[in-house]
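Reading the structure
Residues per chain are reported as follows:
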Amino acid sequence: MHLFPSKTIHLFLYTCLFLLFPSPIRPQTWCLLCQSQGNYTNGSQYQTNLNLLLQSLNTTTPSNGYYNTSSGVDPNQVYGLAQCRSHVSSDTCQECLNTSMVDIVRHCPNKMAAFIYYDVKCLLRYSNQRFFSEPDIVPKCSIPNLNNARNPDVFYVLVRELLNNLSTIELSPSMLATGAVASPDFPIYGSVECVRDISRKDCQSCLQQMIYGLRNCCHGNLGGRVLSQSCLIRYEVYSFFGTPSPPLLVTTPPVLSWPLPPSLPPPPPPPPGNKSWVIIIVVVTSILGIALSSFCICCCLRGRRRLRKEKEEQQALSHYLRTPDGSEFVDAGMQRDQILELPIINLAAIQAATANFSNENKLGEGGFGPVYKGMLSDGKEIAVKRLSRSSGQGLEEFKNEVKLIAKLQHRNLVRLLNYCIERGEKLLIYEYMPNTSLDAFLFDPVKRAQLGWERRHNIIGGITKGLVYLHEDSRLRIIHRDLKASNVLLDHEMNPKISDFGMARFLGGNQSQVNTNRVVGTYGYMAPEYAMGGVFSVKSDVYSFGVLLLEIISGKRNSSLHLPEDAQSLLIYAWGLWCDGRAVELIDPLLAESCPTNEVFKWIHIALLCVQQDPMDRPTMSLVILMLKSESMKLPQPTQPGFFFARAVDKSSASVKFCSNNDVTISSLEPR
């Protein structure tokens, strides 16, 4: 007895074969960009130059499949580029370009810039701006094969490994590499290609961005393509390279396995005529059904409560950012229209930018939580701070940082771009600092060599200017309360930017200091009056700056683990050397030959003035700038520093030196 008609079986087998081995896609236009760089008018000089450029492409067979040219002069000059795939014959190349010239004008009428790509054949691009040798690394088009792999995650890993390998090998003269990799079901074929006027380094960067964007369009699909105006990646489960095919790069897939759970044995059949089995099955089924329904209801209620809580948090934060509360902002002299509104970004965009917070994109971890590098869809690089679920910081610190830093605009303060509260996540999105933080260079025995005299001088000056802005020049008088080397970020030119305002507070009205029952910050950088009495002011930040300045001068942490055996902290060590007339020993040996000794002595002098016990004796940051710049200003003799590092230091300890200044005045910065 046949369970299925033969025609049904044949149809089923045909469908399976189609899903596993889809036929090659017929060559067609699949990427057309009519760019928004303005329009030209009919009969204009720009249109005349564009027609001449296209006519030149029509009559010139591209050499080795590539040709670029321009027509006219500014401001109506037109730049054009044509490229054919390496396996395409000259006749087919010219035929493809002729078709593309007609289509690009027909589909992008009066556009001053456009781009068209014909699958497996050719591409054409023109613009009113010169783009030769300038890579476009932002994905512009993507197309997935609509059929899915049986195990999407395994398939995606194999595809990504293949394309990564192809993007890093030496490309052919036609800027093309092809290859294949084995998979459990069938081989995977891949190719990477760039336009031939960009460098191989730019080509690799472009290809990596296309591979990075692959997850968003083609995760688990049996084929896919991602394309910018400068490069293309493609993979399929059939060979699409053309004839003749370039040599294949065959790679070995990683060993991946997901063991299947053991199958349960079927229940024993009920004895004939025994109705009790039927009753048991009905009862058990009913109980399981009720339990499953209850579980689903609980999940729904929990999800609704979570969404309601997130909405309330967003509304509270929005109100917190936009609405003065009658005390803080009025005292600070701010009006409602002075409060900046920071845009919210959705979680999906952040997950796409960071590859769902992958470890590959993790930059580091702080008290707030991990920090990830990301790239938005427009190509902008960002740094994402993700509030840890177990973090001691909560919504208040999150709100505090968003509110304060959103209102601060200074070249030496890190810029906050967006924030996100969604699905239990609390995220802060900053501008990306490619050189990470100051401590990553200052305390690394190899990287510290990159911090020569000029760079340290510029870093100190930038930190000082940032603190002056916070204390005196901003609309709010901000006290950072956690200034340290790890909270100073460095941009691509090694310019410093103060970051992490979760602990920051502002002074309203005529306040000069504030008392708090909750002491936050980092031991070793805390001023004694704050660490032991909860009193903070702008002079608390001055103390932290003094400690940081000593670290920059010496290249040593303010910790006994990185100092001579008899030194309990960098402050005690520096103070002892100063009193003994051996301050030159504090200077980082890497600076010994490049720095003017007198100026470094002045830095040490200023640092010791900043860490004095009495806050009234410490200079303001604006006075620190004056001290750093002046060559003739006489500096007062520093008194004993306020020693506090992880615990209060016993001032009667023999390791703490006291300098007598009865007969010593410093009018010269020469070492004693």
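Below is a summary of the structure that appears in this document. (Residues numbered from 1 in each chain as written. Predicted model: local features only at pLDDT ≥ 70, side-chain atom pairs only at ≥ 80, totals over all residues. Heavy atoms only, no water.)

A closer look at helix α3 (residues 90–107)
What counts, and what does not: Strands here are runs of E lasting at least two residues and helices are runs of H or I lasting at least four, both read from the DSSP assignment and numbered beginning at the N terminus. To estimate the expected span of a helix, count its residues, drop one, and scale the result by 1.5 Å. Exposure categories follow from relative accessible area, calculated using a 1.4 Å probe and restricted to protein chains: below 20% of the type maximum is buried, above 50% is exposed, and the middle band is partly exposed.
Under the 1.5 Å per step criterion, the end-to-end length of α3 is 25 Å for 18 residues, consistent within 8% with the ideal 26 Å. Those residues of α3 that fall on the buried side of the exposure criterion are Cys93, Gln94, Cys96, Leu97, Ser100, Met101, Asp103 and Ile104.

What about a nonpolar patch on the surface?
Rules: What makes a patch is a set of residues exposed beyond 30% relative accessible area and free of salt bridges, joined within 9 Å when like-charged and within 5 Å when nonpolar (Val, Leu, Ile, Met, Phe, Trp, Tyr). Only the protein chains shown count as cover for residues, and the accessible areas themselves come from Shrake-Rupley with a 1.4 Å probe. In the sections that follow, a salt bridge refers to a side-chain nitrogen of Lys or Arg positioned within 4 Å of a carboxyl oxygen of Asp or Glu.
There is a patch of nonpolar side chains on the surface, built from Ile279, Val283 and Ile287 and spanning about 280 Å² of accessible area. Assignment of secondary structure puts Ile287 in helix α7 (residues 275–322). We classify Ile287 as exposed; its relative accessible area is 52%.

Comments concerning empty space enclosed by the protein
Spelled out, the test is: A 1.4 Å probe that fits into a set of points on a 1 Å grid over the protein atoms alone but cannot get out defines a cavity; an open set with protein on both sides within 12 Å along at least five of seven lines defines a pocket, and lining residues are those with an atom within 4 Å of a point. Grid points are joined across faces, edges and corners, and a volume is the space filled by probe spheres set on the points.
Tallied over the entire structure, the rule returns five cavities of 30 Å³ or more. Estimates place the volume of the largest cavity at around 100 Å³. Contributing to the lining of the largest cavity are 16 residues, with Gln83, Tyr117, Leu123, Glu193 and Leu232 lying nearest its centre. Elements represented by at least two residues in the lining of the largest cavity include exactly β3 (78–84), β5 (122–127), β8 (188–194) and β10 (231–236).

Some words on the environment of Ser142
Spelled out, the test is: Contacts were defined at the residue level, with two residues in contact if any of their heavy atoms lie within 4.5 Å.
For Ser142, the location among the structural elements is in strand β6 (residues 141–144). In this structure, Ser142 is in contact with Trp30, Cys217, Arg225 and Val226, ignoring residues within four places of it in sequence.

Comments concerning the packing of helix α14 (residues 538–554) against helix α15 (residues 570–579)
A packed helix pair is summarised by two numbers, namely the angle formed by the two axes and the spacing between the axes. What counts is decided by this rule: Orientation is described by lines fitted to C-alpha atoms, with helices fitted over the stretch in contact, and by angles between N-to-C directions that extend from 0 to 180 degrees. The cut-offs work like this: below 35 degrees is roughly parallel, past 145 is roughly antiparallel, 65 to 115 is roughly perpendicular, and the gaps in between are oblique. The nonpolar class holds Ala, Val, Leu, Ile, Met, Phe, Trp, Tyr, Cys and Pro. Asp, Glu, Lys and Arg form the charged class, and all remaining residues, Gly among them, are polar.
Orientation of α14 relative to α15, taken along the N-to-C sense of each, is 70°, at an axis distance of 10 Å. Here α15 runs roughly perpendicular to α14, going by the angle between their axes. Counting all contacts with α14, which are made through Tyr543, Val547, Leu550, Glu551 and Ser554, the residues of α15 involved are Leu570, Leu571 and Ala574. When its residues are assigned to classes, the contact of α14 with α15 shows six nonpolar, one polar and one charged.

Things to note about the pairing of strand β16 (residues 425–431)
What counts is decided by this rule: Strand pairing is defined by DSSP finding a minimum of two bridges between the two strands.
The element β16 is extensively covered by neighbouring structure, given that seven of its seven residues are classed as buried. In this structure, strand β15 (residues 416–422) lies alongside β16, joined through six bridges in antiparallel fashion. Each residue of the ladder has a partner; that of Tyr419, found in β16, is Leu428. Linking two consecutive strands that pair antiparallel, namely β15 and β16, is a turn of two residues; a positive phi of about 50° is found at Arg423 within it.

Side note on the side chain of Asn435
Operational definition: Counted as a polar contact is a pair of N or O atoms within 3.5 Å, where, for protein atoms, one must be capable of donating a hydrogen and the other of accepting one, and residues adjacent in sequence contribute only when both atoms are in side chains.
Take Asn435: it is sitting in the loop between β16 and α11 (438–442). At 2.7 Å, the side chain of Asn435 and the backbone oxygen of Asp491 are in polar contact. Apart from residues no more than four positions distant in its own chain, Asn435 is found in contact with Phe441, Leu490, Asp491, His492 and Met494.

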